[in-house]
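Below, each chain spelled out in residue letters.
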Amino acid sequence: MGFVTGMLAGLRRRHGDPKALLDELDIEPASPASRVPIAGYVALYNRLCHQYDDEAFALFAQPMRTGSFEFLCRGCLSAPTLAEALARAGRFLHVVLPDLAVSVRRAHGQAELVIAETRKLAENCDDPGRVFAFEWLLRLLHGLSCWLVGRGIGLDSVIFPYRKPAHFADYALIFTEDSRFAPTVPGGNGTLVASFNANLLDLPVRRDEAALTRFLDDAPGKITMLYRRDREMVSRIRGLLHAALPAMLGLDDIAQRLYLSPRTIHRRLEAEGSSFRTVKDALRRDLALDRLAKSRDPIAQVAADLGYADTSAFYRACVEWTGMAPVHYRRQWLDHGSHTSPAVATNLTGAPNSWRGSFRLQPGVTHQRPTAK
């Protein structure tokens, strides 16, 4: 929900409360830790772009008119390499999005994608609209880059120019486990730096006009999933962990079930920008918050069902996730009168948040439409 809040920040300031649209799409903004079905998220993304003729959600001094993303893609399509494609993207965005400057640096085997404010987007560096502006543009460029070269591009690290947002735990799933936060000094402009292997800049652009036509279907909202298309091992492990609850499988147990060595699993997870602990913690977090919001099961029972050795460990985990104890998180939902859609909401790895939901693999092909966020 933190991403939806950021997306709506500029529109709220300029166009008023979007409650009617959120109700129409069955998106409940009561809790920043809640999950939004990806179909609803993509629908909201694309509806806002077309309704307000601004693919950047009124977050900047001038609108990024509808069709800008298509022409960004077309401008990159004939580039010989990813390096040239990103250079063209930077020049194009300078015209349609002058508040942020995009550039690429290469040195000592590392490449850095740099997104820098040329004009302060907000007085408060932690303003939700400013936070989303950086999240959005990085995801857009990362997703486009992965699609252009036909493979996942792992980010080694990202430095974000603001404090940890409430939804920072999902950054490991979206960007990289090594996500760092460095608040912009008062009066200064912020700079995001995403680092990856410099050799990836030399990858050839592999897409053609026919592929672009398919890619643009349901775009630009669909791009929100493409940057992490290579999540097969994460999805398989999450499914095994989910099926085994309340028992909590260890890495050796998972390795035995997958007929792989623990070292191989570790290596593949690392290539997907994750780790065994990250997958396990993310699963328990999603299931726990869903149970707290949708059931009246005793806290101790929820903790036990999720494999926590004692209730106090679950309490500490919940405070880390939400900033509040489980009973307070549940009361917040009750106070808001939240009624969640019967549809099972899932997170970025494609596993249902519902305790009783069945596991579904995340689509792993760029042209497939993602099912849930």
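The notes below deal with the structure included here. (Residues numbered from 1 in each chain as written. Predicted model: local features only at pLDDT ≥ 70, side-chain atom pairs only at ≥ 80, totals over all residues. Heavy atoms only, no water.)

1. Observations regarding the overall build of the protein chain
- In terms of regular secondary structure, the protein chain is built from 16 helices and 5 strands.
- For the protein chain, buried positions account for 55% of its 373 residues.
- Long-range contacts, defined here as pairs at least 24 residues apart, represent 68% of the contacts in the protein chain between residues at least 6 apart.
- Total accessible area on the protein chain stands at roughly 16200 Å², and carbon and sulfur atoms take up 52% of it. (Helix = DSSP H or I, 4+ residues; strand = E, 2+ residues; numbered from the N terminus. Buried < 20%, exposed > 50% of the residue type's maximum accessible area, 1.4 Å probe, protein only. Contact = heavy atoms within 4.5 Å. Areas by Shrake-Rupley, 256 points an atom, 1.4 Å probe, with all protein chains shown as cover.)

2. Here we look at the sheet that holds strand S3 (residues 157-160)
- Spatial ordering of the open sheet is given by S1-S2-S5-S3-S4, a layout of 5 strands whose pairing is mixed. Strands at the two margins of the open sheet, each flanked by one partner only, are strand S1 (100-107) and strand S4 (179-181). Neighbour-to-neighbour, the strand axes of this sheet turn through a mean angle of 15°, independent of strand direction.
- Summarising the sheet, strand S2 (residues 110-117) and strand S5 (residues 191-197) pair through 7 bridges and their orientation is antiparallel. Counterpart to Ala111 in the pairing with S5 is Phe196.
- Against the sheet, helix H6 (residues 128-149) makes contact with S1, S2, S3 and S5, and its axis sits at roughly 140° relative to S2, the strand it touches most. (Pairing = 2+ DSSP bridges. Axes fitted to C-alpha atoms, helices over the stretch in contact; angles between N-to-C directions.)

3. What about a positive patch on the surface?
- A contiguous patch of positive charge, built from Arg236, Arg263, Arg267 and Arg268, is present on the exposed surface.
- Considering each element in turn, the positive patch owes the most residues, 3 residues, to helix H12 (residues 262-271).
- Structurally, Arg268 can be placed in helix H12.
- Classification of Arg268 by relative accessible area gives partly exposed; the value is 38%. (Patch = residues over 30% accessible without salt bridge, like charges linked within 9 Å, V, L, I, M, F, W, Y side chains within 5 Å. Salt bridge = Lys/Arg side-chain N within 4 Å of Asp/Glu carboxyl O. Lys, Arg positive; Asp, Glu negative; His and termini not counted. Charge placed at Lys NZ, Arg CZ, Asp CG, Glu CD.)

4. Side note on the pattern of salt bridges
- On inspection of all chains with the given rule, the structure shows 22 salt bridges.
- For the salt bridge of Arg91 with Glu84, the shortest nitrogen-to-oxygen distance reads 3.4 Å.
- The closest approach of N and O atoms between Arg291 and Asp297, which form a salt bridge, is 3.0 Å.
- Relative accessible area serves as the criterion here: at 4%, Arg291 is assigned to the buried category.
- In the salt-bridge network here, residues are joined through shared partners; they are Asp170, Arg238, Arg285 and Asp286.

5. Quick word on the nonpolar core
- By size, the foremost hydrophobic cluster in this structure holds 80 residues, and its most contacted members are Phe57, Trp136 and Leu137.
- Listed in part, the 30 residues of the second largest apolar core include Ile265, Ala288, Cys318 and Tyr329. (Core = buried A, V, L, I, M, F, W, Y, C linked by side-chain atoms within 4.5 Å.)

6. Quick word on unusual backbone geometry
- The residue after Leu245, namely Pro246, is reached through a cis peptide bond having omega 10°.
- For Asp53, which is not a glycine, the phi torsion comes out positive at approximately 50°.
- Relative to the elements of secondary structure, Asp53 occurs in the loop between helix H3 (38-51) and helix H4 (68-77).
- For Asp53, a relative accessible area of 31% corresponds to the partly exposed category.

7. A word on the pairing of S5
- With respect to burial, S5 is a largely interior element, 5 of its 7 residues being buried.
- Both S3 and S5 contribute to a ladder of 3 bridges, which runs antiparallel. Note on S5: the bridge partner recorded for Ile159 is Val193.

8. What about H12?
- Buried within H12 are the following residues: Thr264, Ile265 and Leu269. Projected onto a plane normal to the axis of H12, the buried residues spread over an arc of 130° and lie on a single side. Facing away from the buried surface of H12 by more than 90 degrees, the exposed residues are Arg263, Glu270 and Ala271.
- Buried residues along H12 sit in contact with helix H10 (232-244), helix H11 (251-258) and helix H13 (276-294). (Arc of directions from axis to C-beta.)

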